[in-house]
Amino acid sequence: QGGDFVRFDGTGCYSIFGGLRFADERLDTKHKLGSIAMANTGEANSNGCQFFIVTTEDAAFLDGKHVVVGQVIDGMDTVRKIESVPTVGEDGKPL
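Residues numbered from 1 in each chain as written. Predicted model: local features only at pLDDT ≥ 70, side-chain atom pairs only at ≥ 80, totals over all residues. Heavy atoms only, no water.

**Focus on the overall build of the protein chain**
And then number 1: Each helix and strand in the protein chain was counted, giving one helix and five strands.
And then number 2: Tracing the protein chain from N to C terminus, the helices and strands come up as β-β-β-α-β-β.
And then number 3: For the protein chain, the proportion of its 95 residues judged to be buried stands at 28%.
And then number 4: Counting only contacts in the protein chain whose residues sit at least 6 apart along the sequence, the fraction spanning at least 24 positions is 55%.
And then number 5: Accessible surface for the protein chain amounts to roughly 6,600 Å². Of this, 56% is attributable to carbon and sulfur atoms. (Helix = DSSP H or I, 4+ residues; strand = E, 2+ residues; numbered from the N terminus. Buried < 20%, exposed > 50% of the residue type's maximum accessible area, 1.4 Å probe, protein only. Contact = heavy atoms within 4.5 Å. Areas by Shrake-Rupley, 256 points an atom, 1.4 Å probe, with all protein chains shown as cover.)

**Thoughts on the sheet that holds strand β2 (residues 51-53)**
And then number 1: With antiparallel pairing, three strands are arranged side by side in an open sheet as β2-β1-β3. Each edge of the sheet is formed by a strand with only one pairing partner; in this case those strands are β2 and β3 (68-71). Averaged over neighbouring strand pairs, the angle between their axes works out to 25 degrees when direction is ignored.
And then number 2: Bridge count for strand β1 (residues 35-38) against β2 is three bridges, and the pairing is antiparallel. (Pairing = 2+ DSSP bridges. Axes fitted to C-alpha atoms, helices over the stretch in contact; angles between N-to-C directions.)

**Description of the confidence of the model for the protein chain**
And then number 1: Per-chain confidence: the protein chain averages 81 in pLDDT, with 83% of residues scoring 70 or above.
And then number 2: Within the protein chain, no element has a lower average pLDDT than strand β5 (residues 93-94), which sits at 74, and none a higher one than β3, at 92. (pLDDT = per-residue confidence, 0-100.)

**As for the nonpolar core**
And then number 1: Counting residues in hydrophobic clusters, the biggest one holds six residues: Ala37, Ala39, Phe52, Val54, Ala59 and Leu62.
And then number 2: Apart from residues no more than four positions distant in its own chain, Ala59 is found in contact with His31 and Val54. (Core = buried A, V, L, I, M, F, W, Y, C linked by side-chain atoms within 4.5 Å.)

**Describing the environment of Ala23**
And then number 1: Of note, Ala23 is situated in the segment before β1.
And then number 2: For the pair Ala23 and Ser46, spaced 23 residues apart in the sequence, the C-alpha separation amounts to 6.4 Å.
And then number 3: Sequence-distant contacts of Ala23, defined by excluding residues within four places in its chain, comprise Asn45 and Asn47.

**Some points on the side chain of His31**
And then number 1: Within the element layout of this structure, His31 appears in the segment before β1.
And then number 2: Overall, His31 belongs to the buried group, its relative accessible area being 5%.
And then number 3: Within the structure, His31 has its side chain in polar contact with the backbone oxygen of His66 (distance 3.4 Å).
And then number 4: With sequence-adjacent residues up to four places away left out, His31 is seen in contact with Ala37, Val54, Ala59, Leu62, Asp63, His66 and Val68. (Polar contact = N/O pair within 3.5 Å; in protein donor to acceptor, adjacent residues only side chain to side chain.)

**Concerning the pairing of β1**
And then number 1: With three bridges joining them, β1 and β3 adopt antiparallel strand pairing. Pairing of Ser35 across the sheet is with Gln71, part of β3.

See below:
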């Protein structure tokens, strides 16, 4: 997950729509490998400035909860390299 340019720890948010959060647009697009989606707080209409890339084949558990805004069409090998970076601790920060 990325996009927190406010606090740089995953808790910051700023929206170009003039507030901290904005409404869901379309929740009917299915998540699949390589989907780019808006991260939210788990509640409706809580999108901010953070996003994530789906790195699993079966991502149906995300459907109806996060707005898909795009799809990786080239460079999935780079996504896999980022995904394989070792992490440490409960927060999963890269080594």
